[in-house]
Amino acid sequence: MLAALKLVRISALPSALADVFGGSALALAAFPWSSSAQFTREKLPWLLLTTFGIYLGGMGLNDILHRHKDAAMNKPRPIVTGAISVEAATLLTSMLYALGLGASVVAGCAGPALVLALLTVAYNALALGRIERGQVRMNPVVAVLGVATLACARGLHVMLPLYALSRSVGAPAHFEAVAVVFLSVFAYFWLVTLVSLFEDSGGGKRALGFVQVALLPVIFALPLWAMAQGERAHSLIEDVLPMAIAATLYLWLAYALARARQEPTPRNLGRCVGLGIRGECLMMAALALAVLPQEPTWGAAAILCFPAAALLGRWISPT
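Asker: Would you explain a nonpolar patch on the surface in this entry?
Answerer: Residues Trp-46, Val-105 and Val-106 make up a contiguous nonpolar surface patch of about 280 Å² in total accessible area. Within the element layout of this structure, Trp-46 appears in helix 4 (residues 44-65).

What follows is the structure in structure tokens.
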């Protein structure tokens, strides 16, 4: 069981579940005439199951496809250490993908979920690289394409609740909010994944400096956009709290990136990536509170995913 949990990197799952909570708040805000109780009862369980299957399946596929690279880099992944066989890992990964795609049919987002699954496969293939003299080498164009693929997958993932609800009630009322959210999530994960390109070999001081600066507008884009939208009825919940959450996330990441720039070792870079992944929970909490302050439980659920990910990360690494 432990080997299977390490294979799918269970500690990264809370950040994906936070996507569902943030995306659900966005969907309910985009369809103000829809029933929150009905959505929670009929859509949410299947959306969570969709995320569970596809996200963990993608993690398992990463270990399967990258096992030779992991072995060359002496990474203690379960396939490399012999804790789980390639055949068992392949079976588990296939079952997870099937579970996620099956749940997406019931949720009403089968098409986007299939695209999401294919994007995870594409990213894992693009991120293979090659080993030369104990170092990972990647074609720069392929590396950038892989980063963009994963960022697109994460942005699409947040949109799944919106698509599932639109199948029932029609077109959303606020297209601008949808675009801002997708672009914010895309940019955030593009930057986090950019750091991961150096995780195996170290280095990348210039890239780390760029990421540290670029994260500032990306993290604050959504709360600032929300604050600019006319009259606000719940200023503490929809303005102050999202800005405070965004500031906390940025300061944590900026500190971690500054330390990594001083000593850009794989260990320090891995910490930045792990914090970046967990930080998605805070991004989604800020999103949920900013767009749906009248139902703060969505934001609370997303923010609770952060300590859950941190606790699991002490047991199993998310990267």
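Asker: Honestly, the packing of helix 7 (residues 86-107) against helix 8 (residues 110-126) in this entry has me stumped. Any pointers?
Answerer: Packing of helix 7 against helix 8 brings their axes to within 8 Å, and their N-to-C directions diverge by 155°. When the axes of helix 7 and helix 8 are compared, the pair comes out roughly antiparallel. Regarding helix 7 and helix 8, the two cross each other, and that crossing is right-handed. Taken together, the residues of helix 8 that come into contact with helix 7 (itself represented by Tyr-97, Leu-101, Ser-104 and Val-105) are Ala-110, Ala-113, Leu-114, Ala-117, Thr-120 and Val-121. Tallied by class, residues from the contact of helix 7 with helix 8 come to eight nonpolar, two polar and no charged.

Asker: Explain the side chain of Ser-24 here, please?
Answerer: Relative to the elements of secondary structure, Ser-24 occurs in helix 2 (residues 13-30). Dropping the residues within four chain positions of it, Ser-24 is found in contact with Phe-39, Leu-44, Pro-161 and Trp-298.

Asker: Where do I start with unusual backbone geometry in this structure?
Answerer: Trans peptide bonds make up the majority, and among non-glycine residues the majority have a negative phi. A positive phi angle is found at Arg-9, which is not glycine, with a value near 50°. Inspection of the secondary structure puts Arg-9 in the loop between helix 1 (2-7) and helix 2.

Asker: I tried to follow helix 8 on my own but got confused; where do I start?
Answerer: Three or four residues apart is the spacing at which side chains of an α-helix point the same way, because the helix has 3.6 residues per turn. If you check helix 8, its first and last C-alpha atoms are 24 Å apart, about what 17 residues at 1.5 Å a residue would give, namely 24 Å. Taken residue by residue, helix 8 has Pro-112, Ala-113, Leu-116, Ala-117, Leu-119, Thr-120, Tyr-123 and Asn-124 as its buried positions. When helix 8 is viewed along its axis, its buried side chains cluster within an angular range of 155° and face the same direction.

Asker: Looking at this structure, I do not really get the packing of aromatic side chains. What am I missing?
Answerer: Under the definition given, this model contains six aromatic pairs. Seen from their ring centres, Phe-182 and Phe-186 are 6.4 Å apart, and the 25° between their planes marks the pair as stacked. Of this pair, Phe-182 and Phe-186 both sit in helix 10 (residues 175-196), separated by four residues, roughly a single helical turn. Ring plane angle 80° and centroid distance 5.5 Å describe the contact between Tyr-188 and Phe-189, whose orientation is recorded as edge-to-face.

Asker: Help me understand the environment of Ser-94 in this model?
Answerer: In this structure, Ser-94 sits in helix 7. Taking the relative accessible area as the measure of exposure, Ser-94 reaches 42% and is therefore partly exposed. Counting along the chain gives 33 residues from Ser-94 to Leu-61, while the straight-line C-alpha distance between them is 8.7 Å. A distance of 2.8 Å separates a polar atom in the side chain of Ser-94 from the backbone oxygen of Thr-90.

Asker: Can you help me understand the pattern of salt bridges in this one?
Answerer: Here the idea is simple: oppositely charged side chains can pair when their charged atoms come close. Taken as a whole and assessed by the stated rule, the structure comprises three salt bridges. Among the ionic pairs, Asp-63 bridges to Arg-9, the shortest N-O distance being 2.5 Å. Of this pair, Asp-63 sits in helix 4 while Arg-9 sits in the loop between helix 1 and helix 2, placing them 54 residues apart in sequence. Linked through salt bridges whose partners overlap, the residues forming this network are Arg-9, Asp-63 and Arg-77.

Asker: What is the right way to read the nonpolar core from this model?
Answerer: Across soluble globular proteins, nonpolar side chains show a tendency to be buried alongside one another. The biggest cluster of nonpolar side chains holds 98 residues, and the ones touching the most others in it are Tyr-188, Leu-215, Ile-219 and Trp-298. A total of 16 residues in this core trace back to one element, the largest contributor, which is helix 13 (residues 266-291). Setting aside chain neighbours within four positions, we find Tyr-188 in contact with Leu-215, Val-218, Ile-219, Leu-249, Leu-253, Leu-275, Gly-276, Gly-279, Glu-280 and Met-283.

Cut-offs used in this document
Residues numbered from 1 in each chain as written. Predicted model: local features only at pLDDT ≥ 70, side-chain atom pairs only at ≥ 80, totals over all residues. Heavy atoms only, no water. Patch = residues over 30% accessible without salt bridge, like charges linked within 9 Å, V, L, I, M, F, W, Y side chains within 5 Å. Areas by Shrake-Rupley, 256 points an atom, 1.4 Å probe, with all protein chains shown as cover. Salt bridge = Lys/Arg side-chain N within 4 Å of Asp/Glu carboxyl O. Helix = DSSP H or I, 4+ residues; strand = E, 2+ residues; numbered from the N terminus. Axes fitted to C-alpha atoms, helices over the stretch in contact; angles between N-to-C directions. Parallel < 35°, antiparallel > 145°, perpendicular 65-115°, else oblique. Left-handed = near helix turned anticlockwise from the far one by under 90°. Contact = heavy atoms within 4.5 Å. Nonpolar A, V, L, I, M, F, W, Y, C, P; charged D, E, K, R; others polar. Expected span 1.5 Å × (residues − 1). Buried < 20%, exposed > 50% of the residue type's maximum accessible area, 1.4 Å probe, protein only. Arc of directions from axis to C-beta. Phe/Tyr/Trp six-rings, centres within 6.5 Å; stacked < 30°, edge-to-face > 60°. Polar contact = N/O pair within 3.5 Å; in protein donor to acceptor, adjacent residues only side chain to side chain. Core = buried A, V, L, I, M, F, W, Y, C linked by side-chain atoms within 4.5 Å.

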